Amino acid sequence: MRYRIPADVAWQESPPEHHRRELYICRLPDGRPIVLADSACDIWLLAAMGEDVVATLTSQLDIPADTIAADVASFLTSALALGVLEEAPQPDPELGAST
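Residues numbered from 1 in each chain as written. Predicted model: local features only at pLDDT ≥ 70, side-chain atom pairs only at ≥ 80, totals over all residues. Heavy atoms only, no water.

Caption draft 1: Representation of the overall build of the chain. Scanning the chain from N- to C-terminus turns up three helices and seven strands. Tracing the chain from N to C terminus, the helices and strands come up as β-β-β-β-α-α-α-β-β-β. Each principal axis of the C-alpha atoms in the chain carries an extent, and together these give about 45 × 40 × 25 Å. Every one of the 99 residues in the chain was classed for burial, and the buried ones make up 32%. Counting contacts in the chain only where the partners sit at least 6 residues apart, residues at least 24 apart contribute 40% of the total. One way to put it: in the chain the 6 positive side-chain charges average out to a point 7 Å from where the 16 negative ones average out. (Helix = DSSP H or I, 4+ residues; strand = E, 2+ residues; numbered from the N terminus. Buried < 20%, exposed > 50% of the residue type's maximum accessible area, 1.4 Å probe, protein only. Contact = heavy atoms within 4.5 Å. Lys, Arg positive; Asp, Glu negative; His and termini not counted. Charge placed at Lys NZ, Arg CZ, Asp CG, Glu CD.)

Here's what the structure looks like:
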């Protein structure tokens, strides 16, 4: 499954000089801000870019997929429920376009 950022979600990454990496996400116009830190930032950003999160992280971190797959799936399920990610349309292999 691929994901994307919903149109009503705003986000901002903490500046590089910040003491730790954080990501601030909010559903507009009146959602409660959500703060993600460290690996949660990586997971959300990779998912938002449409990447295969588990494959990318296991490649980058040189760890087995089964070590992180359940935690990543749980995080993504929560992000969907909170409305800060949504499923992206899947390309139609015959048409080469999204459905």
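Caption draft 2: Geometry of unusual backbone geometry. Cis geometry marks the peptide bond from Leu 28 to Pro 29; its omega dihedral reads 10 degrees. Residue position: Pro 29 is located in the loop between strand 3 (22-27) and strand 4 (34-37). Even without being a glycine, Asp 38 presents a positive backbone phi close to 55 degrees. With respect to the secondary-structure elements, Asp 38 resides in the loop between strand 4 and helix 1 (39-48). In this structure, Asp 62 is a non-glycine residue whose phi angle is positive, near 55 degrees.

Caption draft 3: Structural view of the sheet that holds strand 3. Reading across the sheet, the three strands line up as 2-3-4 and stay open at both edges, with antiparallel pairing between neighbours. Strand pairing shows two members of the sheet lacking a second neighbour, strand 2 (9-13) and strand 4, which therefore form its edges. Shown here is a sheet whose adjacent strand axes are inclined to one another by a mean of 20 degrees, direction ignored. The pairing of strand 3 with strand 4 spans four bridges and is classified as antiparallel. Paired with Ile 25 across the bridge in strand 4 is Ile 34. Set on the sheet, helix 1 makes contact with strand 2, strand 3 and strand 4; between it and strand 4 the angle comes to about 105 degrees. (Pairing = 2+ DSSP bridges. Axes fitted to C-alpha atoms, helices over the stretch in contact; angles between N-to-C directions.)

Caption draft 4: Main features of the pattern of salt bridges. Going through the model one piece at a time under the given rule, you end up with six salt bridges. Note that Arg 27 and Asp 8 form a salt bridge whose closest N and O atoms lie 3.0 Å from each other. Of this pair, Arg 27 sits in strand 3 while Asp 8 sits in the loop between strand 1 (3-4) and strand 2; the two residues are 19 residues apart in sequence, bridging distant segments of the chain. For Arg 20, the salt bridge identified is with Asp 38, shortest N-O distance 3.7 Å. Here the residue Arg 20 occupies a position in the loop between strand 2 and strand 3, and Asp 38 occupies one in the loop between strand 4 and helix 1, the gap between them amounting to 18 residues. (Salt bridge = Lys/Arg side-chain N within 4 Å of Asp/Glu carboxyl O.)

Caption draft 5: Fine view of the side chain of Thr 56. When you line up the elements, Thr 56 lands in helix 2 (residues 53-61). Judged by relative accessible area, which is 18%, Thr 56 ranks as buried. Here Asp 52 takes part through its backbone oxygen, which lies 2.9 Å from a polar atom of the side chain of Thr 56. Discounting chain neighbours no more than four positions away, the residues touching Thr 56 are Leu 46 and Glu 51. (Polar contact = N/O pair within 3.5 Å; in protein donor to acceptor, adjacent residues only side chain to side chain.)

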